[in-house]
Amino acid sequence: MTASFPAAARELLRNAQLRRNVAHATDVIRHKRDRVVEEREDWQELRDAGSAIRQHVLENLDSYLLQFEEACSAAGGQVHWARDAAEANRIALAILSSREVREVIKIKSMTTEEIGLNAALEARGISAIETDLAELIVQLGHDVPSHIVVPALHKNRQQIRELFLREMGLDQLGDTAEDLTAAARAWLRRRFLTARAAISGANFLIAETGGVAIVESEGNGRMCLTLPPLLITIAGIEKVIPSFRDLEVFLQTLPRSATGERMNPYNSIWTGTTGADGPQEFHVILLDNGRSRILADSESRQTLKCIRCGACQNVCPVYRQTGGHAYGSVYGGPIGAILTPQLHNLEQGASLPYASSLCGACYEVCPVKIDIPEVLIHLRSEIVAREQHTIGGMLGPWNLGMQAAARIFASGERMETAQKLGRAIQRPFAGTSGTIESLPFLLSGWTQSRDLRPIPQESFRAWWARRGKEES
Amino acid sequence: MTPAREPILTRIRTGLGRPGSSEPDTLAAGLSALPRGYRTCANLPARLREELFIERLRDYGVEVATVPASTVAGAAAVRLAARQARSIVFPAGFPAAWLPGEFNMLEGDLLRPEELDRVDAVLTGCTVAIAETGTIVLQTGPAQGPRRLSLIPDYHLCIVQASQLVQTVPEALEKLDPTATLPTTFISGPSATSDIEMTRVRGVHGPRALEVILTGAQEESPRLDEAV
Amino acid sequence: MRISLFIACYNDTLFPDTGKAVVRVLERLGHTVDFNPAQTCCGQMHWNTGYTREAVPIIRHFLEVYREAEVICIPSSSCVAMIRDHYPKAAEESGDAKFAEEVESLLPRVFEFSELLVRYLRVEDAGAAFAHKVTYHASCHSLRSLGLGDIPLRLLRNVRGLELLPLDDVDRCCGFGGTFAIKNADVSSAMLEDKIESVLKSGAEVCTAVDNSCLLHLFGGLHRRRLPVRTAHLAEILACTSEGAGQ
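This report concerns the structure included in the present document.

What counts, and at which threshold
Residues numbered from 1 in each chain as written. Chains lettered and ligands numbered in written order. Predicted model: local features only at pLDDT ≥ 70, side-chain atom pairs only at ≥ 80, totals over all residues. Heavy atoms only, no water. Salt bridge = Lys/Arg side-chain N within 4 Å of Asp/Glu carboxyl O. Buried < 20%, exposed > 50% of the residue type's maximum accessible area, 1.4 Å probe, protein only. Helix = DSSP H or I, 4+ residues; strand = E, 2+ residues; numbered from the N terminus. Contact = heavy atoms within 4.5 Å. Polar contact = N/O pair within 3.5 Å; in protein donor to acceptor, adjacent residues only side chain to side chain. Nonpolar A, V, L, I, M, F, W, Y, C, P; charged D, E, K, R; others polar. Buried area = accessible area lost by both parts, 1.4 Å probe. Pairing = 2+ DSSP bridges.

Applying the stated criterion across every chain yields a total of 69 salt bridges over all chains. For Glu 458 of chain A, the salt bridge identified is with Arg 466 of chain A, shortest N-O distance 2.6 Å. Looking at Glu 458 of chain A, the relative accessible area reads 22%, which means it is partly exposed. Across the pair Asp 168 of chain C and Lys 201 of chain C runs a salt bridge whose closest N-O atoms are separated by 2.4 Å. One end of the pair, Asp 168 of chain C, is in the loop between β6 (163-165) and α10 (180-183); the other, Lys 201 of chain C, is in helix α11 (residues 185-202), with 33 residues separating them in the sequence. We classify Asp 168 of chain C as partly exposed; its relative accessible area is 34%. Salt bridges here are not isolated pairs; linked through shared partners, they connect Asp 27, Arg 30 and Arg 320 of chain A together with Asp 169, Arg 172 and Asp 194 of chain C.

Let's shift gears to the interface of chain C and chain A. On the chain A side, the residues contacting the 67 residues of chain C number 66 residues. The salt bridge partner of Arg 320 of chain A is Asp 194 of chain C, with a shortest N-O separation of 3.8 Å. Counting the contacts that link chain C with chain A gives 40 residue pairs in polar contact (both at pLDDT 80 or more). In terms of residues, the side of chain C that touches chain A owes the most to one element, α11 of chain C, which gives 9 residues. Taken together, the residues of the side of chain C that touches chain A sort by class into 29 nonpolar, 22 polar and 16 charged.

In this section: the interface of chain B and chain A. Contacts between the two partners involve 79 residues from chain B and, on the opposite side, 96 residues from chain A. Of the roughly 7500 Å² buried at the junction of chain B and chain A (both faces included), carbon and sulfur atoms supply 60%. For the pair chain B and chain A, the number of links is 13 salt bridges. If you look at where chain B meets chain A, you find 34 residue pairs in polar contact (both at pLDDT 80 or more). Mapped by element, the contributors of at least two residues to the side of chain B that touches chain A are α1 (5-16), α2 (24-32), α3 (46-59), α5 (113-116), α6 (169-176), β9 (184-187) and β10 (192-193) of chain B. When residues in the side of chain B that touches chain A are grouped by element, the largest group, 9 residues, is from α1 of chain B. For the side of chain B that touches chain A, a count of residues per class yields 34 nonpolar, 25 polar and 20 charged. Here strand β9 (residues 266-271) of chain A pairs with β9 of chain B via 4 bridges, running antiparallel. Of the residues in β9 of chain B, the one forming a bridge with Ile 269 of chain A is Thr 184 of chain B.

Moving on: the arrangement of the chains. Among 2 pairs of chains with at least one contact, chains A and B form the most extensive contact set. Taking C-alpha atoms as the reference, chain B and chain C come no closer than 18 Å and do not contact one another.

Right, let's get into the side chain of Ser 268 of chain A. With respect to the helices and strands, Ser 268 of chain A occurs in strand β9. Setting aside anything within four residues of it in sequence, one finds Ser 268 of chain A in contact with Val 212, Ala 213, Ile 214, Arg 222 and Leu 225 of chain A together with Thr 184 and Thr 185 of chain B.

Residue and element names in this part refer to chain B. When you tally the buried positions in helix α4 (residues 72-82), you get 8 out of 11 residues, the bulk of the element. Among all positions of α4, only Val 72, Ala 73, Ala 75, Ala 76, Ala 77, Val 78, Arg 79 and Leu 80 are buried. Within two residues after α4, Gln 84 carries a phi angle of roughly 55°, on the positive side.

Here you go:
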């Protein structure tokens, strides 16, 4: 992570085109979502069930992972465990290298983005081709995804056309969405038919059966899952659900929340290997990479309930302004603001828990009821506690200000004194129009775009006291 | 090749504050105690269920014909002709009575992907269909074939028997449960993307067109026959 | 009925007129208002910024001030949200059973101003008159934490002469968010810009809310651009009668 959220946001806010694209895309999905959610009378019950199932899994994660491992192995899959990104990449590389694979096709996967798999493969001479249309756009443009579900929403048709002309070596190409989609279909079809290996993430791992479920729209997933003889699935350890039938909850909540559809075009569920249908060799890599640490914190454990629908991004008024890139991680928006700093043990992304006005829109739509504002506040308190252990943090303006405010709020008398003091201090800042238009230091952030009402001559408590005296 | 297995399990258990895994009984009891207040069974009579299925399919741009069992082959012939399909495949175990005789048709289970890429159309049955979401569910096996069969050809015509149709997603999962480990594909409309400026484009990598013939329904309206 | 007012620290300091309006409305409806000058703050600013440890003494002070109060009226939805959403957790974390008991006893006695009128006192017509075009901004806390729904709108619809105009994207945050407005000043300003556009589009002369924190923010942006739209807390509108101004 390079820039803090406020700094990255400042840059992105200047990009009017990006902001228009983000606002349009999130509005479209949000409205579609609202429509298909409203028609489900049992939506809150589905959320309750989804939340409870995910919470139950997390509290028994070891048991369910072992169940999954046993069932998947019995069905012909090979299960690997990886403590961190490097280990997961090493395992994938070892499998591919031993089969002398030079090119793999990939299904859109946040997890492989998280571990930087493509770069690790490229470094060893294996090229990874993203097959989801948006991911392909991102990859061909040497760009990074800006949204969980629609990663290329920051690019418009003209930009995509130019990219395809250049990168696919085409002579001519129309600029409708249909033209561009057809170009991607033709370009990828040959690769699907000849690829010798595919890599996927997973939406769900089914403990009971050892099955894996992938939810998608374009059919690129089905191509990757069924055509190449070798398949590697990389999944976070939190992705497990207890039983096949638990899908009855998530297959109702995930598509509605993610793309605003009653059901997305394709869901694939497979278990190990199956004779002549699909890959002959199947591996699952179970990735920890910070997740067990999040699990250990009972307050933020709920972060791991996430099923990556992206609904929180589409309603977030902050994300709406900046898009996903400001979050400096593959996970943007409200879920990214809590997940990223935790994955990195607060050593990266410490500005992210503050990248929210705590408006609560994310919690309201979350299909597994992650109380994101609560986790944000919890993470803020951890950051503050850390800062207070350093001299710089202790003597920093925020800490000094907050300590002073806490002392003022200890009694009514102190508050009255502070109000009088404030009235005296504000005098030099009063503007010509009766408001304060410029403030120094920390408070300059406010006055960069907003005037401030001055403190009036009489506080409410002073008025009340005067009224009491006048009446008696 | 799993040196990380024990360390990860230990981290998880330490994080959860217990030395070993939960007892299987405790786990099962915990799972069965979870709240499941959502709807798990149907509340529509068969006819309305079928109407809902048709309506939801049409929402995805999927054409549907409802025909008696005796005219499935004829209805299929009409659609294949309309598509100008020349090379057509079907899965092993596909009912002979459903095969339109006048076409050159081939059992496709053993075809390689590049051979399937030269095929115009595929006919399949299904295991279950879901009315509320307009979904057909295929599992590897008789009348449904291996997954690539219904994936690579550009046109997929699926025959759904009314007895296979359920109203809700939970009912479908219940019916699929005994064969849960078979490769399973839920199909809801043709492949689609909204990745470019949120404009819905039908037909990306999977079949660009999907059509359904519903047979054995309460009310038959051979809409597709009439279309010719 | 005797109603204890918690004015909220920022209203006390910056918006005394809102407090006066609350007193006027409640007294006009025949109630007695009580104001304990020992009151300070609900602890929200500290809690939400991550100074949860520092918030605890403030919360305990609040409990002490309102121990005997029968009904507490708070003209600030975010303070009510702080109390309902976070006091129980603060008590739980303290491990102090008495603290938890006091919070439990407090919660049913706490009401946001419009909620007190409609849900508790069963008043939808406060007898107000205000002949202006008004739009209502739903604060995030009033909407999502308190679930006020159309309660403030019901009160506004019964104000004589008032023309209520709809606000686009009424469920979207104005970008205040307490210290967010300072820590992420650029994003906060961009959010405010969108909100101001919606307010202008509504055609209203006055933008009202049940939370002066949003209105402080909206006022700041409107005034910076020298726009003629005024901001006023719901209580200030309800305080106005046909006999004369509210204040």
